Amino acid sequence: MSSPEVKCRVCKQERERYDEIDGASGVLPVFHDSTQEPGKYYYGVRVATGSQKGAGTKDTAVYITLIGDKASSGKVGISSWLKALKGSCKRRTFDNLIVESDDDLGQVLVVGIGNEKKWFAGSEAPWYVDFVMVHNFQSSQNEEFPVYHWIGDGDYVTCTAHTTTLKDVSNNPILVQQREAQIAQQRQGYSWLKFPDLGMPSGFDDGGKNGHKANIPADEEFERVKLLDFTGNALKAAAAVGIKTKFTTLDSLHAYEKLATTMRTPEVKLYELNRWATDVEFGRQMLNGVNPVVIRKISSLPDNFPVTDDMLKGLLCGTLKQEMKAGRVYLCDLKALDGLPLREGYYAGAPLCLLYVNGIDQLVPIAIQLKQKPGKDNPIFLPTDGRMDWLLAKMYYKSASMQFHQVATHYLSCHAAMEVYAMGTMRNLPDPHPIYKLLRPNFRYTMAINTRARATLIADGGIIDQAFAIGGEGRRELMRRGGTIYDIHWTNIKRNTKERGVDDPKTLPGYYYRDDGLKLWDAMESYVRDIVNDFYKDDAAVRGDGELQKWANDIHTNGFPGYYGAKDGHGFPKQIVSKETLIELCTLIMFTGSAQHAAVNFGQYNYYGYVPNAPCGLRRPPPAKKGADYQDILESLPDKTTSIKSVAITFSLSQFSPDEIFLGNFPAERFTELRVKRHTQPRFQKALDNITGDIDTRNKTLDVPYKLLLPSRVPNSITI
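Predicted model only: the values in this text are computed from it and were never measured. (Residues numbered from 1 in each chain as written. Predicted model: local features only at pLDDT ≥ 70, side-chain atom pairs only at ≥ 80, totals over all residues. Heavy atoms only, no water.)

Enquirer: Where do I start with the overall build of the protein chain in this structure?
Expert: Across its full length, the protein chain carries 21 helices and 16 strands. By the compact-globule yardstick of 27 Å for 720 residues, the protein chain fits well, its C-alpha radius of gyration being 28 Å. Across its three principal axes, the protein chain shows a C-alpha extent of roughly 100 × 55 × 50 Å. Evaluated residue by residue, the protein chain yields a buried proportion of 60% over its 720 residues. Looking at the protein chain alone, contacts between residues at least 24 apart form 76% of all its contacts between residues at least 6 apart. A total accessible area of about 28,200 Å² is found for the protein chain, and carbon and sulfur atoms account for 51% of it. (Helix = DSSP H or I, 4+ residues; strand = E, 2+ residues; numbered from the N terminus. Rg over C-alpha atoms; globule rule 2.2 N^0.38 Å. Buried < 20%, exposed > 50% of the residue type's maximum accessible area, 1.4 Å probe, protein only. Contact = heavy atoms within 4.5 Å. Areas by Shrake-Rupley, 256 points an atom, 1.4 Å probe, with all protein chains shown as cover.)

Structure below.
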């Protein structure tokens, strides 16, 4: 920074644990008791080491710098070899220093935290700093500098005390330089990796190491508790695959029931009383399962789905035309799977399913066609057909839905999109920026889990290739198709439910994903609006924020490039011209990384753990005629190894982490402004509490409670 450097030293140092004092802020007792020499200048400094495991360091080369508007302290060592032997900078502790200076630093504007580069191997693990407090003895002023970074060997991080846009500090060269230096540094550490062959959104370039820790920035990597849990779940799943493959025989539906309880007992026991086989359960899963975003209201049938009134005789209250006009007929169309190359020995249709809200307000399937092109060898299956014919048709539909769900609904719409938003934020918005502080909690662990997913889950020869019908080129082609049609507003629940015609509870009751999701969207939107209004006076302030405009352009151009005829941006604007647009985009990002991902991920073991309910692939082609029996059902189900792998992976994907941070929790206090900490965030938390109460009350009346969007079960970010 541009302030001249003056001589400083630590004249007093003490350590306290978090739980030994009241609160993290305020003036420390040691600051009051200090003897001050005339002609010297004194600054009290509190350095807070994080509370997570592995946050502390014994490294003797850690230091701080105080950069004031008159002078800079230079490097001030926090540790000494003697203190290192006692455990310098332990986790969950404050290191309290008195810094003595020969000259007046003035108002401290920037604090730097660093770790000298060592020449020897085996240096300490990174050190995590929550914040730094600075007390200016001359002015009696306290300032809190949020840090919330891992600081490794050779790292140097700077932070400022206040939340500001670039325009707010444009007349202060020290603060402008701090922002520019931080962004330049982060752009070096966060490079785009593009996927033109797969046509999907860009991600973090880890140097081709496929998630190897050394290539992921420490701020994005799993922390110790998460890493141990993630590894443990993977080992547990692998062990289950090995043991069950050797000792399991899947020769009846009851055997699949036993397999479903291998890892744990699902909350939704689909196998009890053959719940999974009922039409009411099928309809419930279209609304409240893990792929609740395909269903849409229709006013006419697609030309390739020739359902007639004669076929539906006795199933409707009126004619098909009358019921469509009344808004009671819905369609699920999985045409994206049409003609996909499939894994050898496995099959998947590209089905269309017609659903109807009956006279007692239950959504039920009334017709299923398993392939897109109608014909004699592609019959339309009906509830009035033989029981096994109808059951097999529903199994083929849900098997196809599972393929689409994992690639498009889950990975592309949530994982890949959130990685783009995280990359754009880290590359363009410095720590003091209000939008950085607003969105940063929603990116925790996302790059770490995605780089691992690209190495194991969706990689060539990975889990999907081993366990799903679309494995291999089918997976790649479905990614291309999904990436081509993807739009960021797929996860804008307000826009998306309206566009699909499913936003009215009167015509489509029991759609709890919609009901709970819209409440969460509104709560998030209100919170975002409060933050945006705090820091942007009007639309001109948004347009004039150069950092924000670079953020939008980077996401539009580099994050969501257009492949295979798609347009750049996939709905994300190249420029942000109004507060309303900014509010909607930030709400969308928050919702996608928290509620949307929770809705489509954490119920997987409930619905995919019992393989017959949604097979990961089927060993027979979609039936060309009717007349199936029980044996046809068993022989169509995936083989033992494939079934066990699918159960194991859906178990792993459905687990919360022990260090999960759920919606409405802000352990990292990036906003230092009292109006945010005492009013805006508590207001958001109160709204979430009210939503929890509404959901709990409703769930008491349901046969199958819908818990996926309970705020206490919605992590802030994608961590699995």
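Okay, back to it.
Enquirer: Explanation requested: the sheet that holds strand β15 (residues 363-369) in the structure shown.
Expert: Consider a sheet: its strands pair through backbone hydrogen bonds, and that pairing is either parallel or antiparallel. Read across the sheet, 5 strands follow the order β12-β13-β14-β15-β16 without closing on themselves; strand pairing throughout is antiparallel. The open sheet has two edge strands, β12 (296-297) and β16 (380-381), and neither has a second partner. For β12 and strand β13 (residues 329-333), the ladder comprises 2 bridges, and the chain directions are antiparallel. What sits directly across from K297, in β13, is Y330. The strands touched by helix α6 (residues 279-288) are β13, β14 (352-357) and β15; relative to β15, the strand with the most contacts, the crossing angle is about 90°. Where helix α8 (residues 387-428) meets the sheet, its contacts fall on β13, β14, β15 and β16, and the angle it forms with β15 comes to roughly 90°. (Pairing = 2+ DSSP bridges. Axes fitted to C-alpha atoms, helices over the stretch in contact; angles between N-to-C directions.)

Enquirer: Just to check I follow, could you spell out the sheet that holds strand β6 (residues 108-115) for this structure?
Expert: Strand order across the open sheet formed by 4 strands is β4-β3-β6-β9, with antiparallel pairing between neighbours. Either end of the sheet is taken by a strand with one partner, and the two such strands are β4 (76-77) and β9 (156-160). Pairing geometry for strand β3 (residues 62-68) and β6, over 7 bridges, is antiparallel. Bridging from a neighbouring strand, I64 pairs with I113 of β6. Helix-sheet contacts for helix α3 (residues 173-189) involve β3, β6 and β9, and the interaxial angle to β9 is about 140°.

Enquirer: Where do I start with helix α21 (residues 674-699) in this structure?
Expert: In an α-helix, one full turn covers 3.6 residues, which means residues spaced three or four apart are oriented alike. Counted at 1.5 Å a residue, the expected span for α21 with its 26 residues is 38 Å, and the 37 Å between its end C-alpha atoms agrees. Contacts from the buried residues of α21 go to α14 (512-535) and α17 (579-601). (Expected span 1.5 Å × (residues − 1).)

Enquirer: Even after reading the chapter, I still don't get the side chain of T497, so can you show me in this structure?
Expert: Counting through the fold element by element, T497 comes out in helix α13 (residues 493-499). Those residues within four positions of T497 in sequence are excluded, and the remaining contacts are V502, D503, R514 and L518.

Enquirer: I would appreciate a short explanation of the pattern of salt bridges in the present structure.
Expert: Once the charged atoms of two side chains with opposite charge are near each other, the side chains can pair. One pass over the full model with this rule turns up 41 salt bridges. The partner of R275 in a salt bridge is D703, with the nearest N and O atoms 2.8 Å apart. In this pair, R275 sits in the loop between α5 (253-260) and α6 while D703 sits in the segment after α21, placing the two residues 428 residues apart along the sequence. A salt bridge links E473 to R480; its shortest N-O distance comes to 2.8 Å. A relative accessible area of 12% places R480 in the buried class. (Salt bridge = Lys/Arg side-chain N within 4 Å of Asp/Glu carboxyl O.)

Enquirer: Looking at this structure, I do not really get α17. What am I missing?
Expert: If you check α17, its first and last C-alpha atoms are 32 Å apart, about what 23 residues at 1.5 Å a residue would give, namely 33 Å. A maximum bend of about 45° is found in α17 at T592. Counting buried residues in α17 gives 20 out of 23 residues, a clear majority hidden from the surface. (Bend = angle between axes of the 7 residues up to and from the residue.)

Enquirer: How should a positive patch on the surface be read in this particular structure?
Expert: Taken together, the side chains of K53, R91, R92 and R224 define a basic patch exposed on the protein surface. For R92, the location among the structural elements is in the loop between α2 (81-85) and β5 (93-101). Here R92 falls in the partly exposed class, since its relative accessible area comes to 31%. (Patch = residues over 30% accessible without salt bridge, like charges linked within 9 Å, V, L, I, M, F, W, Y side chains within 5 Å. Lys, Arg positive; Asp, Glu negative; His and termini not counted. Charge placed at Lys NZ, Arg CZ, Asp CG, Glu CD.)

Enquirer: Mind showing me how you'd approach the packing of α8 against α17 here?
Expert: Two quantities define a packed helix pair, namely the angle between the axes and the distance from one axis to the other. At a closest axis distance of 10 Å, the pairing of α8 and α17 adopts a crossing angle of 150°. It follows that α8 is roughly antiparallel to α17 by the angle criterion. Between α8 and α17 the crossing geometry is left-handed. Residue-level inspection shows H405, T409, H410, S413, C414, H415, M418 and Y421 of α8 in contact with α17, the latter providing L588, I589, T592, G593, Q596, H597, V600 and N601. Residues that form the contact of α8 with α17 fall into these classes: 6 nonpolar, 10 polar and no charged. (Parallel < 35°, antiparallel > 145°, perpendicular 65-115°, else oblique. Left-handed = near helix turned anticlockwise from the far one by under 90°. Nonpolar A, V, L, I, M, F, W, Y, C, P; charged D, E, K, R; others polar.)

Enquirer: What am I meant to see in the nonpolar core here?
Expert: What tends to happen in soluble globular proteins is that the nonpolar side chains get buried as a cluster. One finds Y421, I435, L438, W551 and L582 to be the most contacted residues of the largest nonpolar core, which totals 159 residues. With 24 residues, α8 is the largest single contributor of residues to this core. With sequence-adjacent residues up to four places away left out, L582 is seen in contact with I435, V532, Y536, V542, L548, W551 and I576. Judged by nonpolar contacts, the second largest core, of 28 residues, contains V45, V76, V99 and A161. (Core = buried A, V, L, I, M, F, W, Y, C linked by side-chain atoms within 4.5 Å.)

Enquirer: Looking at this structure, how should I read the packing of aromatic side chains?
Expert: Each aromatic ring pair is specified by the distance between its two centres and by the angle formed by the two planes. For the structure on display, the rule yields 23 aromatic pairs. Seen from their ring centres, F535 and F671 are 6.1 Å apart, and the 25° between their planes marks the pair as stacked. Placement of the pair is F535 in helix α14 and F671 in the loop between α20 (640-653) and α21, with a sequence separation of 136 residues. Per residue, the accessibility class of F535 equals that of F671, and both read buried. Grouped by ring-pair contacts, the aromatic residues Y421, Y486, W490, W551, F560 and F572 constitute a single cluster. Taking NZ or CZ as reference, R452 lies 5.9 Å from the ring centre of F230, over its face. The aromatic ring of F535 is capped on one face by R675, whose charged end is 5.1 Å from the ring centroid. (Phe/Tyr/Trp six-rings, centres within 6.5 Å; stacked < 30°, edge-to-face > 60°. Lys NZ or Arg CZ within 6 Å of the ring centre and 35° of its normal.)

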